[in-house]
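So the chains spell out like this:
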Amino acid sequence: MGELAITGGRRVLAERDESLFHWPIVNDAMRAAQAAVLEAGNMSGTDIARKFESRFAAWQGSKYALSHNNGTNALNAAMYAVGLGPGDEIICTSVTYWASCTGALSLGASVVFCDIDPNTLQMDPKSFEERITPRTKAVMVVHYMAHPAPMDEIMAIADRHGIAVIEDVSHAQGGRYKGRRLGTFGRVAAMSLMSCKSFAIGEGGMLTTDDPEIFKRAVIFGHYDRIIDVCTDEEMKDVKNIPWGGLKNRMHQTSAAIGLEQLEKHDREIAEIDRAMKYFWSGISDVPGLSMIYPRDEGSDKAGWYASRFLYDPAAFRGVSNVTFSDALNAETGGDFSFGCNMPLHLSSVFFDVDIYGHGRPTARAFLPEGVDIRAESGSLPVADSINGRVLGEPWFKTCDPAKIDPYIEAVRKVAANFEELLPINDTTPVLGGVALSKRKR
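Everything numeric here is computed off the predicted structure, so don't read it as measured data. (Residues numbered from 1 in each chain as written. Predicted model: local features only at pLDDT ≥ 70, side-chain atom pairs only at ≥ 80, totals over all residues. Heavy atoms only, no water.)

### Comments concerning the nonpolar core
Side chains of nonpolar character tend, in soluble globular proteins, to be buried together.
So, step 1. One finds Phe 52, Ile 90, Phe 128 and Ile 166 to be the most contacted residues of the largest nonpolar core, which totals 96 residues.
So, step 2. No other element matches helix α3 (residues 71-81), which puts 7 residues into this core.
So, step 3. Excluding anything up to four places from it in sequence, Phe 128 contacts Ile 91, Cys 114, Met 123, Val 139, Ile 154, Ile 157, Ala 158 and Ile 163.
So, step 4. Counting residues in each nonpolar core, the second largest holds 39 residues, with Met 277, Phe 310, Ala 328 and Tyr 408 among its members. (Core = buried A, V, L, I, M, F, W, Y, C linked by side-chain atoms within 4.5 Å. Buried < 20%, exposed > 50% of the residue type's maximum accessible area, 1.4 Å probe, protein only. Helix = DSSP H or I, 4+ residues; strand = E, 2+ residues; numbered from the N terminus. Contact = heavy atoms within 4.5 Å.)

### A short note on the side chain of His 266
So, step 1. Here His 266 is to be found in helix α9 (residues 253-282).
So, step 2. Reaching out from His 266, the side chain makes a polar contact with the backbone oxygen of Ser 198 at a distance of 3.3 Å.
So, step 3. Filtering out sequence-adjacent residues up to four positions away, His 266 remains in contact with Trp 59, Gln 173, Ser 198 and Phe 199. (Polar contact = N/O pair within 3.5 Å; in protein donor to acceptor, adjacent residues only side chain to side chain.)

### Focus: the sheet that holds strand β8 (residues 188-192)
So, step 1. What the 7 strands build is an open sheet, ordered β1-β9-β8-β5-β4-β2-β3; its pairing is mixed. Looking at which strands have only one partner, the edges of the open sheet turn out to be β1 (64-68) and β3 (110-114). Recorded for the sheet is a direction-independent mean angle of 20 degrees between the axes of neighbouring strands.
So, step 2. In this sheet, β3 lies alongside strand β2 (residues 89-93) in parallel orientation, the contact comprising 5 bridges. Note on β3: the bridge partner recorded for Ile 91 is Val 112.
So, step 3. Taken strand by strand, α3 contacts β1, β2, β4 (136-142), β5 (164-168), β8 and β9 (205-209), and its axis lies near 165 degrees from that of β8.
So, step 4. Packing against the sheet, helix α6 (residues 212-222) makes contact with β1, β8 and β9, and its axis sits at approximately 20 degrees to β1. (Pairing = 2+ DSSP bridges. Axes fitted to C-alpha atoms, helices over the stretch in contact; angles between N-to-C directions.)

### Considerations on the packing of helix α10 (residues 322-333) against helix α13 (residues 402-417)
So, step 1. Between α10 and α13, whose axes approach to 9 Å, the crossing angle comes to 135 degrees. Put simply, α10 runs oblique to α13. For the pair α10 and α13, the crossing hand works out as right-handed. Residue-level contacts link Phe 325, Ala 328, Leu 329, Glu 332 and Thr 333 of α10 to Tyr 408, Ala 411, Val 412, Lys 414, Val 415 and Ala 416 of α13. (Parallel < 35°, antiparallel > 145°, perpendicular 65-115°, else oblique. Left-handed = near helix turned anticlockwise from the far one by under 90°.)

### A short note on the packing of aromatic side chains
So, step 1. Applying the stated criterion to the full structure yields 26 aromatic pairs.
So, step 2. Consider the rings of Trp 23 and Trp 396, whose centres lie 5.7 Å apart with planes at 45 degrees: the pair is tilted. Here Trp 23 is found in the segment before α1 (28-40), whereas its partner Trp 396 is found in the loop between β13 (391-393) and α13, with 373 residues between them in sequence.
So, step 3. With a relative accessible area of 17%, Trp 396 lands in the buried category.
So, step 4. Where Phe 317 meets Phe 419, the ring centres are 5.4 Å apart and the plane angle is 80 degrees; that geometry is what we call edge-to-face. In this pair, Phe 317 sits in the loop between β11 (309-312) and α10 while Phe 419 sits in the loop between α13 and α14 (434-437), placing the two residues 102 residues apart along the sequence. An identical accessibility class is assigned to Phe 317 and Phe 419; each is buried.
So, step 5. The ring of Phe 185 has Arg 180 sitting right over it, with the charged end atom 4.2 Å from the ring centre. (Phe/Tyr/Trp six-rings, centres within 6.5 Å; stacked < 30°, edge-to-face > 60°. Lys NZ or Arg CZ within 6 Å of the ring centre and 35° of its normal.)

### Concerning the confidence of the model for the chain
Low pLDDT means the predicted coordinates in that region are not meant to be read closely.
So, step 1. Of the residues in the chain, 98% have a pLDDT of 70 or more, and the chain-wide mean is 96.
So, step 2. Here α14 stands out as the element of the chain with the lowest mean pLDDT, 48, in contrast to β5, whose mean of 99 is the highest.
So, step 3. This model gives residues 435-442 a pLDDT under 50, and the stretch forms 14 contacts once residues within four places in sequence are excluded. (pLDDT = per-residue confidence, 0-100.)

### Section: unusual backbone geometry
So, step 1. Geometrically, the link from Trp 23 to Pro 24 is a cis peptide bond, its omega value of -5 degrees lying close to zero.
So, step 2. Relative to the assigned elements, Pro 24 resides in the segment before α1.
So, step 3. In this model, Lys 240 sits at a positive phi of 60 degrees, which is unusual for a non-glycine residue.
So, step 4. Considering the arrangement of structural elements, one finds Lys 240 in the loop between α8 (233-239) and α9.
So, step 5. Phi angles above zero are rare outside glycine, and Trp 305 is one such case at about 50 degrees.
So, step 6. Assignment of secondary structure puts Trp 305 in the loop between β10 (290-292) and β11.

Below, the structure written as structure tokens:
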């Protein structure tokens with residue numbers, strides 16, 4: 001019998017305390033707001049959604065906000081709004097959730113993938129610039145896993161080449177880069193507000209911009225009942241109120257009602273999360289082989305710490321994989337640690353070889369000139385290919401209660417001190433997509 005729980009020893013934490021992790025934090029105001037919408041039969045209106053948009057825009061510091069039924073459709077509308085279309089290319093990091101860029105295919109555009117920085121998991125500006133072609137229309141900048149992307153460098157590159165910047169803020173609502181809110185740098189931003197995100201309203205998304213033309217195009221794309229608000233009488237005469245995308249993207253008003261209440265408390269809640277996560281790291285920052293991922297720029301943060309990851313060096317533990325290390329941590333605590341991140345999207349044939357819409361050729365190449373090899377344009381992405389074996393996910397504490405967080409600190413220190421017990425059970429199976437796509441039952 002070893003010291004570690006996974007090898008027969010005593011667990012650090014006898015019972016997991018759900019109060020540390022429950023999310024979202026629901027209060028009476030949220031319950032009442034939802035009930036009021038239901039009682040009024042006002043689920044499919046837009047009055048509450050418009051109020052939510054106005055307040056959200058003011059909170060973020062944008063001129064316009066347009067609510068959507070989910071973040072995926074908000075991102076698709078953003079791509080349409082900047083004019084992404086047949087034969088165009090959009091550059092996106094390979095390591096992100098598929099919704100960041102897959103909608104480009106439905107617009108006739110192609111996705112070119114770039115690599116990430118191995119220390120921050122954010123877009124590598126050099127890799128981005130290397131993949132620009134005459135067909136590059138936009139770049140999707142993902143503030144991945146709550147960490148801000150390097151916007152100064154990205155904006156400078158985009159400006160030099162005349163490329164539209166779209167920000168995906170799904171992981172970092174309310175976050176800041178050098179003192180400025182994320183989502184206010186590019187031409188347009190979009191984000192998910194689903195129930196697991198740090199800004200959680202149930203199911204929903206938001207598009208924000210300072211550009212009235214971007215806002216207009218997003219409305220026309222999928223908000224039929226609001227086209228009259230953005231089009232002139234002359235435009236309406238022929239177009240009527242038919243959404244050009246053939247979509248109905250409006251937000252359910254129970255989500256909007258909850259969103260209004262979340263605006264009242266979101267900043268306080270993510271500040272509490274920040275205190276809790278920093279307390280956790282104060283207890284393990286000296287453990288060799290483990291490194292917190294946190295922005296170094298003054299005025300930058302990891303608002304909400306959604307899906308946060310930290311760096312894991314297998315060499316510091318004689319080759320023990322992050323999978324095995326994570327299993328050992330969870331054996332001590334009952335869960336909440338994870339391994340890996342998202343599967344690199346450039347490994348999926350959807351973006352290169354699949355004929356999605358019956359064009360008779362791969363959709364990704366349907367509108368490109370003959371001879372263009374879209375896979376070759378992405379090229380080698382060494383960090384994306386290897387990152388899933390070099391990151392771990394820390395528990396997402398929602399309240400800063402040192403007495404309850406201390407056992408998790410103890411668990412990390414215990415496993416690190418006794419890692420040699422893990423060598424006989426080490427699982428070195430390559431990890432392509434972390435927990436989300438792993439077939440391992442853990």
